[in-house]
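Chain residues, written in single-letter form:
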Amino acid sequence: MAFKFEKLIVWQKAVDLSDTVYKLTKSFPIEEVYALTSQIRKAANAVSLNIAEGSAGPSNREFNRFLGVALRSDMEIVGCIYLAQRRGYIKEDEFKKIYEACGELLVMINALKKRLK
């Protein structure tokens, strides 16, 4: 592991969540490809990417700012899965799995933010 973010469990879990979201959205209707599918995938990628990018910043304050963006992307995923569930694209168990993963990331990102202050 050459980069500091690779050692962060929060980053590893964010990558896992992104993989889960990608697999799940493969079954979304084709008419959602440029809408909800694209939106949730971008948000899922943004969590891990902002953690990685922020870790290379010149200060803890800068890293904290990127963690804030990652946190908002995590919340965006939650909003997207609510829409997906209401539209019948995902089952209850799929919703719960992603919802719980997002909740776990929320706690971990907030803990890291506090530690950096």
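As a reminder, the structure under discussion sits directly above these lines.
Can you walk me through the overall build of the chain in this structure?
Of regular secondary structure, the chain possesses four helices and zero strands. When the helices and strands of the chain are listed from N to C terminus, the series reads α-α-α-α. Its C-alpha radius of gyration of 15 Å places the chain within 12% of the 13 Å reference for a compact globule of 117 residues. Its C-alpha atoms give the chain principal-axis dimensions of roughly 45 × 25 × 20 Å. Expressed as a percentage of the 117 residues in the chain, the buried residues total 43%. Counting contacts in the chain only where the partners sit at least 6 residues apart, residues at least 24 apart contribute 70% of the total. About 7,100 Å² of surface is accessible on the chain, with carbon and sulfur atoms providing 55% of the total. Separation of charge centres in the chain, based on 19 positive and 14 negative side chains, amounts to 6 Å.

How do you make sense of helix α2 (residues 36-55) when you look at a structure like this?
Since the α-helix advances by 3.6 residues per turn, residues separated by three or four positions end up pointing in the same direction. End to end, α2 covers 29 Å across 20 residues, agreeing with the expected 28 Å (1.5 Å per residue, within 8%). Approximately 30° is the largest bend angle found in α2, and it occurs at Ala 46.

Help me out: how do you make sense of the packing of aromatic side chains in this one?
Centre distance and the angle of the planes are the two values used to describe a pair of aromatic rings. Evaluation of the coordinates by the stated rule reveals six aromatic pairs. With a centroid separation of 6.3 Å and 90° between ring planes, the pair formed by Tyr 82 and Tyr 99 is classed as edge-to-face. Taken together, the residues span a long stretch of sequence, with Tyr 82 in helix α3 (residues 60-86) and Tyr 99 in helix α4 (residues 92-116) at a distance of 17 residues. Of the residues examined, Tyr 82 reaches a relative accessible area of 39% and is grouped as partly exposed. Exposure remark for Tyr 99: the relative accessible area of 39% places this residue in the partly exposed category. An aromatic cluster of three or more residues is present, and its members are Phe 3, Phe 5 and Trp 11. In this structure, Arg 41 is placed above the aromatic ring of Tyr 22, and the distance from its NZ or CZ to the ring centre is 4.5 Å. A cation over an aromatic ring shows up here: Arg 65 above the ring of Phe 66, its NZ or CZ 4.7 Å from the ring centre.

What is the right way to look at the packing of helix α1 (residues 9-25) against α4 in this model?
Each pair of packed helices can be summarised by the angle the axes make with each other and by the distance between the axes. Across the interface, α1 lies against α4 with an axial gap of 10 Å and an inter-helix angle of 155°. With respect to α4, the axis of α1 lies roughly antiparallel. For α1 against α4, the interelement crossing comes out left-handed. Residue-level contacts link Ile 9, Val 10, Lys 13, Ala 14, Leu 17, Thr 20, Val 21 and Leu 24 of α1 to Glu 94, Lys 97, Ile 98, Ala 101, Cys 102, Glu 104, Leu 105, Met 108, Ile 109 and Leu 112 of α4. A breakdown of the residues in the contact of α1 with α4 according to their chemical character gives 13 nonpolar, one polar and four charged.

Sorry if this is basic, but what is going on with the packing of α1 against α2 here?
Two numbers describe how α1 lies on α2: the axes approach to 9 Å, and their chain directions differ by 165°. By the angle class used here, α1 and α2 are roughly antiparallel. When you trace α1 past α2, the crossing you get is left-handed. Contact residues: Val 10, Trp 11, Ala 14, Val 15, Ser 18, Val 21, Tyr 22 and Thr 25 in α1; Thr 37, Ile 40, Arg 41, Ala 44, Asn 45, Val 47, Ser 48, Ile 51 and Ala 52 in α2. A per-class count over the contact of α1 with α2 returns eleven nonpolar, five polar and one charged.

Can you walk me through α1 in this structure?
The end-to-end C-alpha distance of α1, which contains 17 residues, comes to 24 Å, matching closely the 24 Å that a straight helix rising 1.5 Å per residue would cover. The inward-facing, buried residues of α1 contact α2, α3 and α4.

Help me understand the environment of Pro 29, please; the structure alone is not making it clear to me.
For Pro 29, the position within the fold is in the loop between α1 and α2. With 60 residues separating them along the chain, Pro 29 and Tyr 89 place their C-alpha atoms 7.7 Å apart.

What counts and what doesn't
- Residues numbered from 1 in each chain as written.
- Predicted model: local features only at pLDDT ≥ 70, side-chain atom pairs only at ≥ 80, totals over all residues.
- Heavy atoms only, no water.
- Helix = DSSP H or I, 4+ residues; strand = E, 2+ residues; numbered from the N terminus.
- Rg over C-alpha atoms; globule rule 2.2 N^0.38 Å.
- Buried < 20%, exposed > 50% of the residue type's maximum accessible area, 1.4 Å probe, protein only.
- Contact = heavy atoms within 4.5 Å.
- Areas by Shrake-Rupley, 256 points an atom, 1.4 Å probe, with all protein chains shown as cover.
- Lys, Arg positive; Asp, Glu negative; His and termini not counted.
- Charge placed at Lys NZ, Arg CZ, Asp CG, Glu CD.
- Expected span 1.5 Å × (residues − 1).
- Bend = angle between axes of the 7 residues up to and from the residue.
- Phe/Tyr/Trp six-rings, centres within 6.5 Å; stacked < 30°, edge-to-face > 60°.
- Lys NZ or Arg CZ within 6 Å of the ring centre and 35° of its normal.
- Axes fitted to C-alpha atoms, helices over the stretch in contact; angles between N-to-C directions.
- Parallel < 35°, antiparallel > 145°, perpendicular 65-115°, else oblique.
- Left-handed = near helix turned anticlockwise from the far one by under 90°.
- Nonpolar A, V, L, I, M, F, W, Y, C, P; charged D, E, K, R; others polar.

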